[in-house]
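Coordinate inspection notes
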Amino acid sequence: MTSLLARGVMAERRLDSSWKRHISDQLKLRDRVQRQAFEEIVLQYNRLLEKSDLQTVLSERYQTDKYDVQRGHEANSGSDSGRSDVLQQEMSQMRIKHQEELTELHKKRGELAQNVIELNNQIQQKDKEIQSNEAKMLDFQQQISDLEGDCRELRSCLQDLERANQTLKDEYDALQITFSALEEKLRKTTEDNQELVSRWMAEKAQEANKLNAENEKDSRRRQAKLQKELADAAKEPLPIEPDDDIEVLAEDGGKGGAETSPKRTLSRTPSRRRPANSFSSSPENSEAPSGVCAEVRVPSTALHVFEAHDGEVNAVKFSPGSRLLATGGMDRRVKLWEVVAGRCEPKGALTGSNAGITSIEFDAAGSYLLAASNDFASRIWTVDDFRLRHTLTGHSGKVLSARFLLDNARIVSGSYDRTLKLWDLRSKVCMKTVFAGSSCNDIVCTEQCVMSGHFDKKVRFWDIRAESIVQELELLGRVTSLDLNHDRTELLTCSRDDLVKIIDLRTNAVRQTFSAQGFKCGADWTRVTFSPDGCYVAGGSADGALYIWNVLTGKVDRTLDRNHNSAINSVSWSPSGAFVVSVEKGSKAILWSDM
């Protein structure tokens, strides 16, 4: 920096000496040029003066000679008349010559006078130029003094900046040293964390394997015990008493009775009471239980294409017995359909919502239907009489998902206002509110855990009892859908990065990822689903195609792309495994099967 200052000072000095030298050279050049012009004029003028003086002297002399000649002529007029004539002629000639010389001198004098006038004008013009140049020089000198003052100020500022720069450099060096130390500490901490996570995952996997092994042993032990008891019971028939409840097994060729005991037609079955949360008045009570289906049919044919709603259809869900189908749309209604002979026949409509329906859920018995809507509320209807039973309000944004807990006495709702709420249906009040930090797009529940998918690409696992996040799992896109398999050990997710993933809940790690060329997630609420046996995954694309993936192979098993005209919003697989229903952004719904 000092060398730069020295170079700047030397440059300024060179600049000062250069303009001074330039002005001196210009003045010398002007003096030379003007002096040469005036030297010739002065020389001519001096010659003219000399000639004028000579002419004056000659005139005086000639005048004296004239007087002398006249006096001599007067004296000798008589004696020398001839000589006088000669003298007169000579005088005449001399007068003529002198007149000519005088005329020539007057002419030259006039020319010289004109030259003198012109030169005087030039001198005046040069004087004006000199004055102008002197004024400019004064201005330049003033500018130079101002620039020198600016230069001094800039030097002062430069020195201040150099000091500040040095201070910042010292601080930067200190911060760099601190950063290097922190970076090394972070690296070590990250390595330790990775090691701890690896150890924790390994221990958790070992615990899961041990638990699975114990469960398998317990299951085999119970099965062996049950088989032994059944064998003992088959060998020793019990006496029948009038007070006992008797169940007569129909001999209609059913597989269950034939396989259990072909010879036994009567059995004693003690009476059992229904749980408090089941409703005997529901038509769903006569349906088959929602256990694992006997056979899953991969859909290949559109059995029934029908107009489900006046506008966009957002949600669809089968009842636990697979006989009823519920759809929800932007027309603010939930419609119930009965699946009869491969067709969906309208059964009724559930009204009361003030905005579009976003999600649908049946309780375990199929007696109640829960729907979330864009009017910041969730509602519960009874299925048998289509009556609105509860309206749960409290969210400050549209409710995007609502689910029954396993006890069917509580529900969880997730909203655009970035909160989750736990509701008690007995008291009809909100028991807990949890701030999630991001808009909740979908929810699924286990016994003590709620899993929520969010706009910030994260799947959060909540402990209902502690109201805290147990774990977070970040995906590559906004989470649009969650679904659990039948035994609730695997979580199915769909996200806006056009990937469908299966998460193993025992290790909380992604076990499998599904994708397909052409599969695009069409909205933030696009729903995908497991098949009842967990062997297949169904999801709809933005181009209206329905994709079926095989979980075992991880590949697309079937693509159905000929019936929908717009993006598929939701898909539901019937618990019996026989049907799949898909709904779209248009108004259509399609019932699929392999028939």
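Residues numbered from 1 in each chain as written. Predicted model: local features only at pLDDT ≥ 70, side-chain atom pairs only at ≥ 80, totals over all residues. Heavy atoms only, no water.

**Points about the packing of aromatic side chains**
Inspection of the entire model under this criterion finds six aromatic pairs. Pairing Phe 519 with Trp 549 gives two aromatic rings, centres 5.2 Å apart and planes at 85°, and the pair type is edge-to-face. Of the two residues, Phe 519 is situated in the loop between β23 (509-514) and β24 (528-530) and Trp 549 in strand β26 (residues 546-550); the sequence distance between them amounts to 30 residues. On the basis of relative accessibility, which here comes to 2%, the residue Phe 519 falls in the buried class. The ring of Tyr 416 has Lys 398 sitting right over it, with the charged end atom 5.5 Å from the ring centre. (Phe/Tyr/Trp six-rings, centres within 6.5 Å; stacked < 30°, edge-to-face > 60°. Helix = DSSP H or I, 4+ residues; strand = E, 2+ residues; numbered from the N terminus. Buried < 20%, exposed > 50% of the residue type's maximum accessible area, 1.4 Å probe, protein only. Lys NZ or Arg CZ within 6 Å of the ring centre and 35° of its normal.)

**Focus on the sheet that holds strand β10 (residues 377-382)**
Pairing within the open sheet is antiparallel, and its four strands lie in the order β8-β9-β10-β11. What marks the edges here is a single partner per strand, and that holds for β8 (357-362) and β11 (388-393). Neighbour-to-neighbour, the strand axes of this sheet turn through a mean angle of 20°, independent of strand direction. As paired elements, β10 and β11 share five bridges and run antiparallel to each other. Bridge pairing in β11 places Ser 378 opposite Leu 392. (Pairing = 2+ DSSP bridges. Axes fitted to C-alpha atoms, helices over the stretch in contact; angles between N-to-C directions.)

**Thoughts on the sheet that holds strand β27 (residues 556-560)**
Here four strands make up an open sheet; going across it, the order is β24-β25-β26-β27 and the pairing antiparallel. What marks the edges here is a single partner per strand, and that holds for β24 and β27. Here the average twist between neighbouring strands, direction ignored, is 15°. Inspection of the sheet shows β26 paired to β27 by four bridges, in the antiparallel sense. Note on β27: the bridge partner recorded for Trp 549 is Val 556.

**Focus on the pattern of salt bridges**
Enumeration according to the criterion identifies 22 salt bridges in this entry. One salt bridge connects Asp 310 with Arg 333, and the closest N-O pair in it is separated by 3.8 Å. Here Asp 310 is found in the loop between β3 (301-307) and β4 (313-318), whereas its partner Arg 333 is found in the loop between β5 (324-329) and β6 (334-340), with 23 residues between them in sequence. Notably, a salt bridge pairs Arg 403 with Glu 361, separated by 3.9 Å at the nearest N-O pair. Separated by 42 residues along the polypeptide, Arg 403 in strand β12 (residues 399-404) and Glu 361 in strand β8 bring together distant segments of the chain. A relative accessible area of 14% places Glu 361 in the buried class. A network of salt bridges, in which partner residues are shared, links Glu 361, Arg 403, Asp 442 and Arg 527. (Salt bridge = Lys/Arg side-chain N within 4 Å of Asp/Glu carboxyl O.)

**Details of the pairing of β4**
Among the six residues in β4, five count as buried, and that is most of the element. Sheet topology places β4 next to β5; five bridges connect them, and they run antiparallel. Note that in β5 the partner of Phe 318 across the bridge is Leu 325. Counted along the chain from β4 to the antiparallel partner β5, the turn is five residues long, and its residue Ser 322 has a positive phi close to 75°.

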